[in-house]
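Listed below are the residues making up each chain.
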Amino acid sequence: MPDTSYHAERFARLTELLAEWQPLWQPMPFQHRRLPWRSTYPGLADTLLSLDDDACTRLQADPFCASPLAEHLPVAELAALVELPELPAEGPGPPAPWAEHMGGRKWQQVAAFVPRMAALPNVRLVEWCAGKGHLSRTLARHLERDVTGLEWQTALCRDGEALAERQGARVQLAQQDVLAPDAARWLTADTQVAALHACGDLHERLIELAAERGSAVSLAPCCYHRTANAHYRPLSQQGRELVAEHGLSLSREDLAMAVQETVTAPRHVRRHRERANAWRLGFDALQRQVRGRDAYLPVPSLAYGRMPDSFAGFCRWAAERKGLTLPTDVDWHAFEQQGQQRLAEVTRLELVRHLFRRPLEVWLVLDRQRRLEEAGFRVELGTFCDRELTPRNLLLRTSRHPSPDWETH
Ligand SMILES: C[S@@+](CC[C@H](N)C(=O)[O-])C[C@H]1O[C@@H](n2cnc3c(N)ncnc32)[C@H](O)[C@@H]1O
């Protein structure tokens, strides 16, 4: 396993690169008729805009492979910096019949997580933000041990306990707001906490409590942008020093980029999404003209299936939501076409953000890793499943504090 300084160096270099190229990856092409960096990097814009549809789709799926952007951006170095080992499973995974009552994908994630969480002997096992306790249940059965799941929704605790009882799993689901001060009582130096896809503030709280109390952690973080802070403050001391040194400032919107993967959706869903995006861009062109202001106007999202049938219908809906009066003689066809043209352009320019997405996610996980290392843990970082199963496939796992008398410090 690579040592601490290896991760510290990787973290430092990623900070430098993210800061250096922030003016290119930060602006969202969707919001800018002309991206601020286009005049400074005309060659890059030309390369992107000349890509055909196939190349574009290929680079969306794998931004680091045979990328024509390598002429302009540090593609190979970014690829090397995000390369992480697959954490080996300890023994076989749980048997397939235990998938009962779980969605197929969730089961596969749980089944991959359980044999890789490196459960320590002789510790109390706790699951953080357990939902119905799918992970707790599988863990309890797999290890034949007691597991306590913490979950704030009473109904989920109740349903989860019923499921556990039916399967004879030794699981207790405790109704607990993990952000409340009394959540600390669940964590001691003799606890190991498992967290699968705990969002921003929820997993940050876990890391802080574990660092304070010496509990071991096996954490697959998720949704870094779900946080009360509008601006990111690194968890680790090294992170705080690095962002100050390199001038990297991340807003909540920037953090959202780390998880905005185009997951492999069925073709009809992708088509629907594309049409919706083209209409949004068509409306954007229209609203700029109607308002006489060349500025983006955010329009709320619409649930799948609630989209009006026509572009004109969509624009009327959006205009109403934004309190805008549309003229009676709008050339709908022309604006719809503008939207389609803009979508082709936006999709290509977005490839710059695709390239920095995984580096940003790895950077955020390294910040969490460094926080735990700074608190005295040994921490392993790697993947626990393929990205096709979930793009949030990174796992941080600690062993106990190296010093046996840690608690007396
Ligand atoms: C993304 S789900 C993850 C559930 C489970 N770990 C899984 O992978 O299926 C997040 C869960 O956290 C719970 N949750 C959200 N805020 C919480 C809080 N403040 N305290 C405890 N649980 C919370 C939600 O009710 C939900 O069940």
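Residues numbered from 1 in each chain as written. Predicted model: local features only at pLDDT ≥ 70, side-chain atom pairs only at ≥ 80, totals over all residues. Heavy atoms only, no water.

Peer 1: Lay out the site of the ligand with the relevant residues and their values.
Peer 2: Neighbouring residues of the ligand: 15 residues in total, closest Lys106, Glu151, Gln153, Asp177 and Val178. The backbone of Trp152 places a nitrogen or oxygen atom 3.4 Å from a nitrogen atom of the ligand. Considering the ligand on its own, with 600 Å² of exposed area, one finds that the protein chains cover 79% of that surface. Per-class residue counts for the shell around the ligand are 7 nonpolar, 4 polar and 4 charged. (Near = heavy atom within 4 Å. Polar contact = N/O pair within 3.5 Å; in protein donor to acceptor, adjacent residues only side chain to side chain. Areas by Shrake-Rupley, 256 points an atom, 1.4 Å probe, with all protein chains shown as cover. Nonpolar A, V, L, I, M, F, W, Y, C, P; charged D, E, K, R; others polar.)

Peer 1: Account for the sheet that holds strand β7 (residues 394–398), with residues named and values stated.
Peer 2: Across the sheet, 7 strands lie side by side as β3-β2-β1-β4-β5-β7-β6; this open sheet has mixed pairing. Of all strands in the sheet, those bounded by a partner on one side alone are β3 (171–175) and β6 (379–383). Looking at each pair of strands side by side, their axes are set apart by 15 degrees on average, direction ignored. Where strand β1 (residues 124–128) and strand β2 (residues 147–151) come together, 4 bridges link them in parallel fashion. Its bridge partner being in β2, Glu127 is matched across the sheet by Gly149. Its contacts with the sheet place helix α9 (residues 200–213) against β1, β4 (191–198) and β5 (216–221), and it is angled at close to 160 degrees to β5. (Pairing = 2+ DSSP bridges. Helix = DSSP H or I, 4+ residues; strand = E, 2+ residues; numbered from the N terminus. Axes fitted to C-alpha atoms, helices over the stretch in contact; angles between N-to-C directions. Contact = heavy atoms within 4.5 Å.)

Peer 1: Describe the pairing of β1, with residues and values.
Peer 2: Among the 5 residues of β1, 4 are classified as buried, and the element is accordingly described as predominantly covered. Inspection of the sheet shows β1 paired to β4 by 4 bridges, in the parallel sense. Looking across to β4, one finds that Val126 is bridged to Val193. Taken together, β1, helix α7 (residues 134–143) and β2 constitute a β-α-β crossover, and its handedness is right-handed. (Buried < 20%, exposed > 50% of the residue type's maximum accessible area, 1.4 Å probe, protein only. Right-handed = clockwise from strand over helix to strand, strands pointing away.)

Peer 1: Describe the pairing of β7, naming the residues involved and giving the relevant values.
Peer 2: With 5 of 5 residues buried, β7 is to be regarded as a mostly interior element. Neither face of β7 is left uncovered, since the one carrying Leu394, Leu396 and Thr398 and the one carrying Leu395 and Arg397 both have all their residues buried. Summarising the sheet, β6 and β7 pair through 5 bridges and their orientation is antiparallel. Across the sheet, residue Thr383 finds its bridge partner in β7, namely Leu394.

Peer 1: Would you mind going over the pattern of salt bridges in detail, with residue names and values included?
Peer 2: Under the definition given, this model contains 18 salt bridges. Note that Asp284 is salt-bridged to Arg288, the shortest N-O span being 2.9 Å. Of this pair, Asp284 and Arg288 both sit in helix α12 (residues 267–291), separated by 4 residues, roughly a single helical turn. With respect to burial, Asp284 and Arg288 carry one shared label: buried. (Salt bridge = Lys/Arg side-chain N within 4 Å of Asp/Glu carboxyl O.)

Peer 1: Requested: an account of the packing of aromatic side chains, with residues and values cited.
Peer 2: Within the structure shown, the criterion is met by 10 aromatic pairs. Measuring from ring centre to ring centre gives 6.1 Å for Trp21 and Tyr41, while their planes differ by 50 degrees; the resulting arrangement is tilted. In this pair, Trp21 is assigned in the loop between α1 (4–20) and α2 (22–25) and Tyr41 in the loop between α2 and α3 (42–49), connecting sequence segments 20 residues apart. With a centroid separation of 5.6 Å and an interplanar angle of 80 degrees, the aromatic rings of Phe113 and Phe384 are classed as edge-to-face. (Phe/Tyr/Trp six-rings, centres within 6.5 Å; stacked < 30°, edge-to-face > 60°.)

Peer 1: Describe the environment of Leu326, and please don't skip the residues or the numbers.
Peer 2: Mapped onto the fold, Leu326 is located in the loop between α13 (311–321) and α14 (332–349). Sequence-wise, Leu326 and Thr15 are 311 residues apart; in three dimensions their C-alpha atoms are separated by 46 Å. When residues no more than four places from it in sequence are discounted, the contact partners of Leu326 are Leu286, Val290, Cys315, Arg316, Ala319 and Trp332.

Peer 1: An account of the nonpolar core is requested, with residue identities and associated values reported.
Peer 2: By size, the foremost hydrophobic cluster in this structure holds 73 residues, and its most contacted members are Trp128, Val352 and Trp363. No other element matches the 11 residues that helix α15 (residues 351–374) contributes to this core. Beyond its immediate sequence surroundings of up to four residues, Trp128 is in contact with Leu150, Val178, Ala183, Leu187, Val193, Ala194, Ala195, Ala198, Leu202, Arg205, Leu206 and Leu209. By size, the runner-up hydrophobic cluster in this structure holds 32 residues, among which are Leu87, Val110, Ala112 and Val114. (Core = buried A, V, L, I, M, F, W, Y, C linked by side-chain atoms within 4.5 Å.)

Treat this as a map of the structure, not an account of what it does.
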